[in-house]
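# Survey of secondary and tertiary structure
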Amino acid sequence: MNKSRWTRLLMAGMVAVLSVGLLAACGSDKETLHIYSWADNFDPEVLKDFEEKFDVKVTYDNYANNEDLLAKIKAGGSGYDLIQPSDYMVKTMIESELLEPLEMNNIPNFVNITDTFKDPSYDPGNKYSIVYTSGVTGIAYNKKYVKDEIKSWGDLWNPEYKGKVLLLDDNREMIGMALKKQGKSNSSKDEAEIIAASDELKTLLPNVLAFDTDNIKQKMIQEEGWIATVWSGDAAFIAAENPDVAYVVPEEGATIFSDNYAIPKGAKNKELAEKFINFMLEPEVSAKNYEFIGYSNPNTKAMEFHSEEYRANTMINLTEEELRRTEWLDNVGDSLSIYDRLWTELKSGR
Amino acid sequence: MKKKNHPLLGIHSFLMMAFIYVPIIMIIIYSFNDTRLSGNWEGFTLDWYVSLFENRHVMEALMNSLTVAVISTVVSTLLGTAAALSLRNMGRKGRSGMNGLLYLPVIIPDIIMGLSLLVLFSQLNMPLGKTTVIIAHITFSLSYVYVVVTARLSGMGKQLDEAAQDLGATPWQTFRHVTLPQIAPGIISGALIAFTLSLDDFMVSFFVAGPSSTTLPIYIYAQVKRGISPEINALCTLLILVSITLILLAQYILNRGNGQKKHKTLPI
Amino acid sequence: MRKSRFLLTPVLLWLSLFLIVPMLIVVGISFLSRDSLGNIVFSFSLEGYKTFFDPLYLGIYWDTLVLSLLTTVICLLVSYPLAYYIANASPRIQTWGLILITVPFWINFLIRTYAWVLLLRTQGVVNSLLLWVGWIDEPIQMLYTYGAVLLGMVYNFIPFMVLPIYVALEQMDKRLLDAASDLGASRWKAFRHITLPQSKSGIMTGAVLVYVSTSGMFVVTDILGGAKSSMISNIIQSQFLGARNWPFGAALSVIFVATSLVLILLFNRAMQARHQRVGEGR
């Protein structure tokens, strides 16, 4: 092969590559709100409305789970102004002193939040967080294949569903589910109780097709699995694509969760972040936003602006009775390593 | 004289190419599929291509990814090649020590690299952003370049270099006209690997990224929770098409330049 | 040589700051303890290293080694002929071959892997095809099996094997082959005694890159394996994130990096020794 061709290709490549590299963008002088949240968690138009109304800039970066978020915030200096941790993560972050207290005078629209989600157990008095959305881990099943009426966690153990059950890939959620089935708290710190729950989960293994948290939706839509543990918001997604899928909050009770607004310690634009939270709680803005993302809206004043379709959706809007059967996941302290080890053991089949 | 390839080899290579491209063809087909989450074919649409260009997050992420990949590839190719060249002239002991050091970034699990760099940057008070992502990418890719270029050098004698110097070439001339053309395939392969790694890295980037430096993999990983949008399939399809077109173009230009001095000897 | 010092300095500086210092931090963490919130406590402890010798984690480590070795061997077997073909083709095909092999991997890893899900699932392309041809009567469960994981691993690391082997083969002195055939050596003999030893450096590099990348991978087991088995990186990941046990995660990483280094060195030495024997025999 002609060697000079290689040299030439190499040089041409380097020049091309360098010139593209120089096209890096420049910044702007406007006040900027740095949001760090789940992907596609806001209606982009609502973000744009906020930028125009207050003449500011919004940047929006993403994380994929609470643990990633924690590791990142813990190291410090991340540069974000607003984050959206889930309930138990709010508590962990408060205990690790990673959050700024909210100045409620800047967020008068807080009154619009339903009483159910004010003063939650993970952040008494809403000192550090305000709920953004919530849901319950229940059972979704495809009526085409599952003919019996599903009402209990025990139904997952039905031998007819061999190799067709999907479970969340999460130690706390799943061992918590088994604890609930046995009538215990989903956040038990009693080693004997946790082991008993994990032993019962082991007997479910022959039925399990896969463990998955994020793609359970696709697996249910595409009918690879017949029955699965899913979050209510995801169930709404699934049912929209595959109308055969139904959802139920089992009678033994279930785990409730929420995502929240919070401000990390040392945020440079704390006031702007509070302005943003307040803006998002305006009834009309709020309705527009939740119509787009399709999650449950804790804003009572926003309901009248929502579509008929949204209001009628029983997977987005759970009943008072269903919510009463639920329990938050609480931090379990040192017991977490027991959960972790048992879960690793369970999944690797040892 | 060149030995001709055995026909069985040809068949094998064709099958391998098919294997490599089957999933890619799936991605291309699904970028025209008229449904968001279902895996079934629901009809032809171009909607995803339209909404792709309106999606400011995807576009930003793409720009970030390309910027990072391009800069880190150039720098790591230079550093990695320099390391390979200088270690070639080193004694055995020093070499194996340096070898171990240069293999480290290849071996270290991504999450360790990401987290430990994050801790370092925050200790140094360096604001997280594109710069930190680029630094991290250079750190892991330079090893890959080093490894591949070294593989090339180890199969190469020093006779040519020495001959050139005996004939009065300066060290630079020797490098430019003798060594460089010989190791160019290694450098190009190393750069290709570095570019590929950088475009694809999630874990390390995630930890060292800051405001408005979300790269494409970070965006895609975060999207998994809601279901990855077919816009991403459309984007991947375009990426493939654009890359291949650009390369075709480069080939064409190079061939034209080469045509004029086709029959000249090696440029020594 | 003065020149080589001058070239080496930037790399050394770079690696000391961005590699050695962070690694020292990790080694440091592996000897510390943590509180119930997962914060690091500055008191010496060997707990992390002790936990590793739990049969559960040893077993997972063993599985990881086996899967990585298997992937490396398969990758080598399928990639070598391809690299050989490209290296011996015309210059035009060489360039195109390299590019066509790399470009698909510029597509995001997750997207590529999900494409395999579409192909392998029960209502997927492969099953539909087999049903249509009539080779099977009902869909085979291909996803969420060991085979699917292996396939995903091999697929993702093909370029890591092809490129280094190509680089080695391309510079081979082909006159040696002509000489061999003039002397009446069969094609196989010529390959065995000339081509193979000369491409040794490429095989070695490719094998190391694939082995190391596979053993550090975990998303493939989650997506194609249904998360039903764990790899050592899953455990490291979950210790740093979910379980918030940084010291154990750091200890695992130190053990992982050390074993990989030792394996690579042993492999290096074995290849060298073999090469010498072959050289003497010739």
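- An unreviewed UniProt entry lists chain A under the name Spermidine/putrescine ABC transporter substrate-binding protein, with Paenibacillus glucanolyticus as the source organism.
- You can read under Subcellular location (unreviewed entry) in the UniProt record for chain A the words "Periplasm".

## A short note on the UniProt feature "binding site: spermidine" (unreviewed entry) in chain A
Residues and elements named next belong to chain A.
- According to UniProt, the feature "binding site: spermidine" (unreviewed entry) maps to Tyr-88, Asp-170, Asn-171, Arg-172 and Glu-173 in the numbering used here. For the annotated residues, spread through 86 residues, the largest C-alpha to C-alpha distance comes to 13.8 Å, consistent with a single compact locus.
- Along the polypeptide, Asn-171 turns up in helix 5 (residues 171-181).
- Inspection of the secondary structure puts Arg-172 in helix 5.

## Points about the pairing of strand 5 (residues 129-142) of chain A
All names here are of chain A.
- When you tally the buried positions in strand 5, you get 14 out of 14 residues, the bulk of the element.
- One ladder, built from 7 bridges, connects strand 5 with strand 10 (residues 254-264); its direction is antiparallel. When the bridges of strand 10 are listed, Val-131 appears paired with Asn-260.
- Here 5 bridges tie strand 5 to strand 8 (residues 227-231), and the two strands are oriented antiparallel to one another. By the bridge assignment for strand 8, Ile-139 is matched with Thr-229.
- In this sheet, strand 9 (residues 245-248) lies alongside strand 5 in antiparallel orientation, the contact comprising 4 bridges.

## Here's the deal with the interface of chain B and chain C
- In this complex, chain B contributes 91 residues to the contact, which on the side of chain C involves 84 residues.
- Buried surface at the junction of chain B and chain C, both sides included, amounts to about 8400 Å², of which 78% is carbon and sulfur.
- Seen at the junction of chain B and chain C, the total is 2 salt bridges.
- Viewed at the interface, chain C and chain B are joined by 11 residue pairs in polar contact (both at pLDDT 80 or more).
- Sort the elements by how many residues they give to the side of chain B that touches chain C and helix 1 (residues 7-30) of chain B lands first, with 15 residues.
- For the side of chain B that touches chain C, a count of residues per class yields 65 nonpolar, 21 polar and 5 charged.

## So, helix 6 (residues 130-154) of chain B
All names here are of chain B.
- The end-to-end C-alpha distance of helix 6 is 36 Å, a good match for the 36 Å that 25 residues give at a rise of 1.5 Å each.
- Along helix 6, the largest kink reaches about 25° and is centred on Ser-141.
- Burial within helix 6 is extensive, with 21 of its 25 residues counted as buried.

## A look at the pattern of salt bridges
- For the structure shown, the criterion picks out 22 salt bridges over all chains.
- Between Lys288(A) and Glu45(A) there is a salt bridge; the shortest N-O distance is 3.4 Å. On the criterion of sequence distance, the pair formed by Lys288(A) in helix 10 (residues 283-293) and Glu45(A) in helix 2 (residues 44-54) is long-range, its members being 243 residues apart.
- The class for Lys288(A) is partly exposed, based on a relative accessible area of 33%.
- The shortest N-O distance in the salt bridge between Glu60(B) and Arg56(B) comes to 3.9 Å. Placement of the pair is Glu60(B) and Arg56(B) together in helix 3 (residues 56-88), with a separation of 4 residues, close to one helical turn.
- Looking at Glu60(B), the relative accessible area reads 37%, which means it is partly exposed.
- Here Arg56(B) falls in the partly exposed class, since its relative accessible area comes to 35%.

Definitions and limits used
- Residues numbered from 1 in each chain as written.
- Chains lettered and ligands numbered in written order.
- Predicted model: local features only at pLDDT ≥ 70, side-chain atom pairs only at ≥ 80, totals over all residues.
- Heavy atoms only, no water.
- UniProt positions renumbered as here; feature names shortened; annotations may be inferred.
- Helix = DSSP H or I, 4+ residues; strand = E, 2+ residues; numbered from the N terminus.
- Buried < 20%, exposed > 50% of the residue type's maximum accessible area, 1.4 Å probe, protein only.
- Pairing = 2+ DSSP bridges.
- Contact = heavy atoms within 4.5 Å.
- Buried area = accessible area lost by both parts, 1.4 Å probe.
- Salt bridge = Lys/Arg side-chain N within 4 Å of Asp/Glu carboxyl O.
- Polar contact = N/O pair within 3.5 Å; in protein donor to acceptor, adjacent residues only side chain to side chain.
- Nonpolar A, V, L, I, M, F, W, Y, C, P; charged D, E, K, R; others polar.
- Expected span 1.5 Å × (residues − 1).
- Bend = angle between axes of the 7 residues up to and from the residue.

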